[in-house]
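Residues per chain are reported as follows:
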Amino acid sequence: MSAGAINAVVGSGTLITFPVLLAVGLPPVTATVSNALGLIPGSISGAIGYRKELVGQRRRLLKWSAGALLGGLTGATLLLALPATAFERIVPVLVGLALVLVVLQPRISRILRRRRELTGTSARPDGGLPLLTGLTLASVYGGYFAAAQGIIYMSLMGTLLDDSMQRLNAFKNVLAAVVNTVAAFFFLFVADFDWTAVALLAVGSAIGGQIGATAGRRLSPVLLRTLIVAVGTVGIVQMLLR
């Protein structure tokens, strides 16, 4: 339940569920694929909880979701094709860079806004090719492991879009749901699941997703950003000590 709530607000529920699955004796790959399938209801629940922020955003979401689908499928394939240690060194670096962007995002946004005012240009409402590329690559990572995937999404969108934190959080939940779903369905045909773990995660994450969405929509941008950085920092420490 706590993982589903954190996923809806921040996007790092895997930082809770993955170590627990390892602690009960599941192999790393089995834990990863069971986690991906079990957290789907939570991602969908969180997206539904933010449905008001998604009104009128269909065109942007369809474009980004296409990239998320391709990236998630690629990441799921890499999980089975590469050795388990392949991303261990780069994951903390990626999350760390994402946290830096989250912290600096207000300043970066102001700089970009002033530059657009001086040049007489306007921001692209969908972030253009740079954002689509970044979200697709983040989805590759999400399909492979998913821990702190939402933080990377939030940092990219916060830097390249002129939009509210709450709307960005709504976008993040939709993209995470797409990646988790496509990765999980791929795993259904090629990997072994622990169905007890999947069932427990599914029920808990669905309930937690609604709780997290309700609480998250009440947070100010500063508090939401602070929560993202705090959870992400704990995640980095956890990954480095694992």
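See above for the structure.
Residues numbered from 1 in each chain as written. Predicted model: local features only at pLDDT ≥ 70, side-chain atom pairs only at ≥ 80, totals over all residues. Heavy atoms only, no water.

What should I look at first to understand the pattern of salt bridges in this one?
As enumerated under the stated definition, the model contains two salt bridges in all. When the shortest N-O distance is used, the salt bridge between R60 and D163 registers 2.9 Å. Placement of the pair is R60 in helix α5 (residues 58-81) and D163 in the loop between α8 (149-160) and α9 (165-190), with a sequence separation of 103 residues. The salt bridge partner of R167 is D163, with a shortest N-O separation of 3.9 Å. We classify R167 as partly exposed; its relative accessible area is 25%. Accessibility expressed as a relative area gives 24% for D163, which makes it partly exposed. What emerges from the salt-bridge pattern is a single network uniting R60, D163 and R167. (Salt bridge = Lys/Arg side-chain N within 4 Å of Asp/Glu carboxyl O. Helix = DSSP H or I, 4+ residues; strand = E, 2+ residues; numbered from the N terminus. Buried < 20%, exposed > 50% of the residue type's maximum accessible area, 1.4 Å probe, protein only.)

Would you explain the packing of α8 against α9 in this entry?
Their axes nearest at 9 Å, the elements α8 and α9 cross at an angle of 135°. As summarised for this structure, α8 and α9 are arranged oblique, according to the angle between their axes. In this structure, α8 meets α9 at a crossing whose hand is right-handed. Residues Q149, G150, Y153, M154, M157 and G158 of α8 lie in contact with α9, whose contacting residues are M165, L168, N169, F171, K172, L175, A176, V179 and N180. Taken together, the residues that form the contact of α8 with α9 break down as nine nonpolar, five polar and one charged. (Axes fitted to C-alpha atoms, helices over the stretch in contact; angles between N-to-C directions. Parallel < 35°, antiparallel > 145°, perpendicular 65-115°, else oblique. Left-handed = near helix turned anticlockwise from the far one by under 90°. Contact = heavy atoms within 4.5 Å. Nonpolar A, V, L, I, M, F, W, Y, C, P; charged D, E, K, R; others polar.)

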